[in-house]
Amino acid sequence: MEELRRSYSLLCEESGAEPQEAVLQQLQQLPRGRLDLATQSLTLDTCRALGKLLHDEKLLKELVLSDCMLSEEGSTLLFQGLCANTTVQRLDLKGNNLRATGAEALGKLLRQSKSIQSLTLEWNNLGMWEDAFASFCGGLAANSTLRQLDLRNNQISHKGAEELALALKGNTTLRHLDLRWNNIGLLGGRALVNCLPSNRTLRRLDLAGNNIPGDILRAVEQAMDHNQDRLTAFWENQARTNILSKEVQHLQEEKSKQFLDLMETIDKQREEIARNGRASAARVGQLQEALNERQSIINALKAKLQMTEAALALSEQKAQDLGELLTTAEQERQSLSQRQEKERKLEQQEAADRESKLLRDLSAANEKNLLLRSQVEELERKVKSQQEQLFLTRQELTNTSAELKIRAIQAEERLDVEKRRAKQNMEDLEKLHSKEVDHMTRHLEESERAMQERIQRLEALRLSLEEELSRMKAALLSERGQAEEELIKARNQARLEEQHRLAHLEEKIRLLAQARDEAQGTCLQQKQMVAESQARASQLNLQMEGQQRRLEELQQELSNKDQEKVAEVTRVRVELQEQMGRMQADLVAQEVLKEKVAALERQLKVIGNEHREALLDRESENASLREKLRLKEAEISRIRDEEAQRASFLQNAVLAYVQGSPLRALSPPK
């Protein structure tokens, strides 16, 4: 506040004038941004300083200058400062005797001001200068912020009222206009009544004390009531449209959330399906690796079997060599006995080494050997039986390997078929999902466009109905005014004619009796005319009632339209609920597809378990074959031991036979 005082003092010093103490005191207080200078006589220098101060002031909201006796120049300077001000909302200029220059300055202020909402001009003389008041009305028409205007006791005539009517046609923000205690009269009242259908924002118009007939005042009241009803209807419709827009927005948000949730669930399902596919692919790879390992094991077993066959062939060959050695030993007898023993020992050692080698080679084999049950004497037959058993084991090995290959091929074919089926199901699911998403987006867009078009059509219908109502009311008002004017004219004419004829009859009543009869006839004619005018007035009342009924019908139509709008909104909600139901059905179908995928995975697991069990069976068969081979090897070693023992027995017998023969007795001693 001190800053305002200092600014005011500096401005007064710059202009070479003394600051007024009353102004300084008021500038020091400023309660709630209100500067009250009422009943203070402001000089021209003070007005100049205040105008410059108001040019940049941001704290002031209300300025009271009532009964300050402002001069023309002082008021102009103040109004120039207020033109640039953006915070003053209420301006009180009551009782300042503003004239032509002040009215023009006020018109300029109203054109340029963007903040003044209330203007009090009571007890001024703005209406005495028609051109200046026309300029003031032009500023009022161009203003877009003023809400309340007080023009009481301003000597406004019917021409000023006509200018005000033109201004009200262009103004769209004024709510309250006070024109009490002026000289508007009948013509000014009609001008104001005629302008009211074009102004839809004015709610209150005070015209008391202006010599305006009661019917015009009632018409003004009806117009104000109509504006008030229109404003309430507008706010109600605005509230309804806001509610509908909020509901539509809420529904759109819910739809978008549901759509996003659906997309998230679909993405999750895709990820789960991809994860399951990767897991199944990994499992298939593991199974393939296990099959490859089993195949390599089978190949190793085949190689070992071939090695054992080669070793058996060698053993057969060596058995034949042993038979040959035995025959040579029988032929040589004495001379080669020691050599044969050494050779036999060496051969036995070699046979033991070879047998140990065969045991090491046959430890990992998975095949069967033939039973060697023949005696040592029938060595060839035993060898043949061993060859037959080896042939059978080879055939069994080939059969088992072929079965394993067939099962592996069948398992691979089943895995390929399941992979193709899973891949085809995945592609079908993705195509179905993309089609459903496209369909849902198109349906949502179409429903939103349909809702917007329906709202626009309903809004256009409401506006057209409001315009038709306003036109009908304006036509009713004009027809009623015309009928009342005709009634007034007829009454005045009848009154003048009666007076004229009565005077004429008073002059000639003694002379002409027939003139009295004519006067009576004319009276009857006038009565008939009055009766006709009354009948016309009753007809106009009937028309007015018909127009009121038409208005009620239009209001009923409006209510029906509102009900249709509500029904449309409910229908849209039902459609949205149906769409949600379809989306839920789609989710159920996706869950069914998930269950099918899980069933396929379970089938894959069952197939893997079956393969695992088959491999375990084959391993058990291989173990049993190994055990049989071990038993056969033990039996072979036992037979070989028996064979060696018998050979030693035979050798001893041969030696004993050679030593006890008569040839030895006849031979000379060495």
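About the cut-offs
Residues numbered from 1 in each chain as written. Predicted model: local features only at pLDDT ≥ 70, side-chain atom pairs only at ≥ 80, totals over all residues. Heavy atoms only, no water. Helix = DSSP H or I, 4+ residues; strand = E, 2+ residues; numbered from the N terminus. Contact = heavy atoms within 4.5 Å. Areas by Shrake-Rupley, 256 points an atom, 1.4 Å probe, with all protein chains shown as cover. Pairing = 2+ DSSP bridges. Axes fitted to C-alpha atoms, helices over the stretch in contact; angles between N-to-C directions. Patch = residues over 30% accessible without salt bridge, like charges linked within 9 Å, V, L, I, M, F, W, Y side chains within 5 Å. Salt bridge = Lys/Arg side-chain N within 4 Å of Asp/Glu carboxyl O. Lys, Arg positive; Asp, Glu negative; His and termini not counted. Charge placed at Lys NZ, Arg CZ, Asp CG, Glu CD. Phe/Tyr/Trp six-rings, centres within 6.5 Å; stacked < 30°, edge-to-face > 60°. Buried < 20%, exposed > 50% of the residue type's maximum accessible area, 1.4 Å probe, protein only. Expected span 1.5 Å × (residues − 1). Arc of directions from axis to C-beta. Polar contact = N/O pair within 3.5 Å; in protein donor to acceptor, adjacent residues only side chain to side chain. pLDDT = per-residue confidence, 0-100. Parallel < 35°, antiparallel > 145°, perpendicular 65-115°, else oblique. Nonpolar A, V, L, I, M, F, W, Y, C, P; charged D, E, K, R; others polar. Disulfide = S-S within 2.5 Å.

**Q** Just give me the short version of the overall build of the protein, but keep the residues and values in it.
**A** When its secondary structure is counted, the protein shows 13 helices and seven strands. With the principal axes as the frame, the protein shows a C-alpha extent of 225 × 85 × 30 Å. Taking the intrachain contacts of the protein between residues at least 6 apart in sequence as the baseline, contacts between residues at least 24 apart amount to 82%. For the protein, the accessible surface area stands at approximately 41500 Å², while carbon and sulfur atoms represent 52% of it.

**Q** Explain the sheet that holds strand E4 (residues 118-120) to me, and be specific about the residues and the numbers.
**A** Here we have seven strands laid out as an open sheet, ordered E1-E2-E3-E4-E5-E6-E7, and parallel in their pairing. Looking at strand neighbours, the two that pair on one side only are strand E1 (34-36) and strand E7 (204-206), the edges of this open sheet. Pairs of neighbouring strands in the sheet enclose a mean axial angle of 0°, with direction left out of account. Across three bridges, the pairing between E4 and strand E5 (residues 148-150) is parallel. If you follow Leu-119 over to E5, its bridge partner there is Leu-149.

**Q** Please give an account of a negative patch on the surface that cites residues and values.
**A** A cluster of acidic residues, Glu-13, Glu-14, Glu-18 and Glu-21, forms a negative patch on the protein surface. Along the chain, the position of Glu-14 falls in helix H1 (residues 2-14).

**Q** Can you explain the packing of aromatic side chains? Please cite residues and give values.
**A** Across all of its chains, the model carries two aromatic pairs by this definition. Between the aromatic rings of Phe-234 and Trp-235, the centroid separation amounts to 5.7 Å while the plane-to-plane angle is 65°, which identifies the pairing as edge-to-face.

**Q** Please set out the pattern of salt bridges residue by residue, giving values where relevant.
**A** Scanning all chains against the criterion turns up 16 salt bridges. Between Arg-48 and Asp-45 there is a salt bridge, and its shortest N-O distance comes to 3.0 Å. Placement of both Arg-48 and Asp-45 in helix H3 (residues 44-56) is noted, with a separation of three residues, approximately one turn of the helix. Between Arg-152 and Asp-150 there is a salt bridge, and its shortest N-O distance comes to 2.7 Å. The exposure class assigned to Asp-150 is buried, which follows from its relative accessible area of 8%. Linked through salt bridges whose partners overlap, the residues forming this network are Lys-94, Glu-122, Asp-150, Arg-152, Asp-178 and Arg-180.

**Q** Any details on helix H7 (residues 158-170)? Residues and values, ideally.
**A** The α-helix winds at 3.6 residues per turn, so residues separated by three or four positions along the chain end up facing the same way. Here H7 is 13 residues long and its end C-alpha atoms lie 19 Å apart, about the 18 Å a rise of 1.5 Å per residue gives. Residues of H7 that are buried: Gly-160, Ala-161, Leu-164, Ala-165, Ala-167 and Leu-168. One side of H7 carries all its buried residues, which in axial view fall inside an arc of 165°. For H7, the secondary structure elements touched by its buried residues are helix H6 (130-142), strand E6 (176-178) and helix H8 (185-195).

**Q** An account of the side chain of Asp-178 is requested, with residue identities and associated values reported.
**A** Tracing the sequence through the fold places Asp-178 in strand E6. On the basis of relative accessible area, Asp-178 is assigned to the buried category, the value being 5%. In this structure the side chain of Asp-178 is engaged in a polar contact, spanning 3.4 Å, whose partner is the side chain of Arg-152. Residue contacts for Asp-178: discarding those within four places in its chain leaves Leu-149, Asp-150, Leu-151, Arg-152 and Asp-206.

**Q** Give me the lowdown on the confidence of the model for the protein, citing residues and values where you can.
**A** Atomic detail in the predicted coordinates should be set aside for any region of low pLDDT. Summing up the model confidence of the protein, the mean pLDDT is 82 and the portion of residues at 70 or higher is 94%. Per-residue pLDDT stays below 50 along residues 662-670; that stretch engages in two contacts with residues further than four places along the chain or on separate chains.

**Q** Please give an account of the packing of helix H4 (residues 72-83) against helix H5 (residues 100-112) that cites residues and values.
**A** If you want to describe how two helices pack, look at the angle between their axes and the distance between the axes. Put simply, H4 and H5 touch, their axes get as near as 9 Å, and they point 0° apart. It follows that H4 is roughly parallel to H5 by the angle criterion. Side by side, H4 and H5 meet where Glu-72, Ser-75, Thr-76, Phe-79, Leu-82 and Cys-83 of the first sit next to Ala-100, Thr-101, Gly-102, Ala-105, Leu-106, Lys-108, Leu-109 and Gln-112 of the second. Here the residues of the contact of H4 with H5 sort into seven nonpolar, five polar and two charged.

**Q** Provide a residue-level description of the state of the cysteines, including the pertinent values.
**A** Tallying each qualifying case throughout the model produces zero disulfides. Here Cys-12 stays unpaired: no disulfide links it, and the sulfur of Cys-47, its closest cysteine neighbor, is 10 Å away. A residue is classified by how much of its surface remains accessible, and Cys-12, at 0% relative accessible area, is buried.

**Q** Tell me about the environment of Glu-498, and name the residues and values.
**A** Turning to its location among the elements, Glu-498 is positioned in helix H11 (residues 379-508). Given the relative accessible area of 42%, Glu-498 is considered partly exposed. Expressed as a C-alpha distance, the spacing of Glu-498 and Thr-522, which sit 24 residues apart in the sequence, is 8.8 Å.

**Q** Let's hear about unusual backbone geometry: which residues, and what values?
**A** The backbone phi angle of Asp-67 is positive, close to 55°, even though this residue is not glycine. Note that Asp-67 resides in the loop between strand E2 (62-64) and H4. Residue class for Asp-67 comes out partly exposed when judged on its relative accessible area of 36%. Here Met-69, not a glycine, exhibits a phi torsion of approximately 55°, which is positive. Tracing the backbone shows Met-69 in the loop between E2 and H4. Note on Met-69: relative accessible area 60%, which makes it exposed.

**Q** Describe the packing of H3 against H4, naming the residues involved and giving the relevant values.
**A** Axis separation between H3 and H4 bottoms out at 7 Å; the angle between their running directions is 10°. Put simply, H3 runs roughly parallel to H4. Of the residues in H4, those in contact with Leu-44, Cys-47, Arg-48, Leu-50, Gly-51, Leu-54 and His-55 of H3 are Glu-73, Gly-74, Leu-77, Leu-78, Gly-81 and Leu-82. Here the residues of the contact of H3 with H4 are counted per class, giving seven nonpolar, four polar and two charged.

**Q** Quick rundown of the environment of Gly-139? Include the residues and the values.
**A** Looking at the secondary structure, you find Gly-139 in helix H6. Among all residues touching Gly-139, those that are not within four sequence positions of it are Gly-107, Leu-110 and Arg-111.

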